[in-house]
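Here are the chains, one letter per residue:
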Amino acid sequence: MNRLSLPTPDQAPAASRPVLNQIQQAFGSTPQMFRTVAHSPAALQAMWAFFGALGGGTLGAKLGEQIAVAVADRNRCDYCLAAHTALGRKAGATSEELRAAQQGESADPRTAAALRFALQLVEHRGQLQDADLQALRAAGFTEGETVEILAHVALNLFTNYVNVAFQVPVDFPPVPLSRAA
């Protein structure tokens, strides 16, 4: 059960309503995660702007969703795993690619390097080794793309923590976590 209420747009703080309207238009509904975050207009605006900024980034939607799936699985976030699996399919990822991403793997060497790097960030709380960055460079990622991968991880940590901490009910088709409890 959700630990915070799920305000409708009419119940949300006035400053959250324009953002909830944008989310409604983008998704055709208002996912419960955004309704939960709407309690704080600043947090909702930040989250939505972060999604928008990264959506216009250089990595592309498919890789962004694969990173999100890997981070969600690592953090045991059922909500984000379900949401980003659905969004990953819309971005062109196959079910097999998304299952592999849950493990931090990919048949594509460049994608595999990005997923390994993302999970290194999560597992080691940003405490990287020089070799982690060298592996990403060797896979052809620029410094800008490296920062963008880190930004995807940071956004997904935010959304994972919202959904796990507040036990937000999943409103996307469920996907089993790959990691044992």
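Residues numbered from 1 in each chain as written. Predicted model: local features only at pLDDT ≥ 70, side-chain atom pairs only at ≥ 80, totals over all residues. Heavy atoms only, no water.

Asker: Help me get a handle on the overall build of the chain, residues and values and all.
Answerer: A count of helices and strands for the chain gives nine helices and zero strands. Overall, the chain shows an N-to-C arrangement of helices and strands of α-α-α-α-α-α-α-α-α. Whereas a compact globule of 181 residues would reach a radius of gyration of roughly 16 Å, the chain reaches 16 Å, a difference of no more than 12%. The principal-axis extent of the C-alpha atoms belonging to the chain is close to 50 × 30 × 30 Å. Taking all 181 residues of the chain together, the buried fraction comes to 42%. A separation of at least 24 residues holds for 72% of the contacts in the chain among residues at least 6 apart in sequence. When the accessible area of the chain is evaluated, it comes to approximately 9,100 Å², of which 55% is carbon and sulfur surface. Distance from the positive charge centre (14 side chains) to the negative charge centre (15 side chains) of the chain: 6 Å. (Helix = DSSP H or I, 4+ residues; strand = E, 2+ residues; numbered from the N terminus. Rg over C-alpha atoms; globule rule 2.2 N^0.38 Å. Buried < 20%, exposed > 50% of the residue type's maximum accessible area, 1.4 Å probe, protein only. Contact = heavy atoms within 4.5 Å. Areas by Shrake-Rupley, 256 points an atom, 1.4 Å probe, with all protein chains shown as cover. Lys, Arg positive; Asp, Glu negative; His and termini not counted. Charge placed at Lys NZ, Arg CZ, Asp CG, Glu CD.)

Asker: Go over unusual backbone geometry, please, and point to the residues and values.
Answerer: Positive phi values are uncommon outside glycine, yet arginine 76 reaches one of about 55°. Among the structural elements, arginine 76 can be located in the loop between helix 4 (61–74) and helix 5 (78–90). The backbone phi angle of arginine 125 is positive, close to 50°, even though this residue is not glycine. Relative to the helices and strands, arginine 125 is located in the loop between helix 7 (109–123) and helix 8 (130–138).

Asker: Any chance you could break down helix 3 (residues 41–55) for me, citing the residues and the numbers?
Answerer: Over its 15 residues, helix 3 extends 21 Å from the first C-alpha to the last, a length consistent with the 21 Å expected when each residue adds 1.5 Å. Every buried residue of helix 3 is listed here: Leu44, Met47, Trp48 and Leu54. Down the axis of helix 3, the sector holding all buried residues measures 135°, keeping them to one side. Along helix 3, exposed side chains directed more than 90 degrees from the buried face belong to Ala42 and Ala53. (Expected span 1.5 Å × (residues − 1). Arc of directions from axis to C-beta.)

Asker: How would you sum up the environment of alanine 107? Please name residues and give values.
Answerer: Take alanine 107: it is sitting in the loop between helix 6 (95–102) and helix 7. Given a relative accessible area of 80%, alanine 107 falls into the exposed group. Taking the C-alpha atoms as reference points, alanine 107 and glutamate 97, 10 residues apart in sequence, are found 8.0 Å from one another.

Asker: Please set out the packing of aromatic side chains residue by residue, giving values where relevant.
Answerer: Using the criterion set out here, one finds five aromatic pairs in the structure. Both rings, one in phenylalanine 27 and one in phenylalanine 34, keep their centres 5.9 Å apart while their planes meet at 45°; by these two values the pair is tilted. Judged by its relative accessible area of 32%, phenylalanine 27 is partly exposed. The interplanar angle of 85° and the centroid separation of 5.8 Å between the aromatic rings of tyrosine 79 and phenylalanine 172 together place this pair among those described as edge-to-face. Placement of tyrosine 79 in helix 5 and of phenylalanine 172 in the segment after helix 9 (143–165) is noted, with a sequence separation of 93 residues between them. Judged on exposure class, the residue tyrosine 79 and its partner phenylalanine 172 are both buried. An aromatic cluster is defined as three or more aromatic residues linked by ring pairs; in this entry it consists of Phe27, Phe34, Trp48 and Phe51. (Phe/Tyr/Trp six-rings, centres within 6.5 Å; stacked < 30°, edge-to-face > 60°.)

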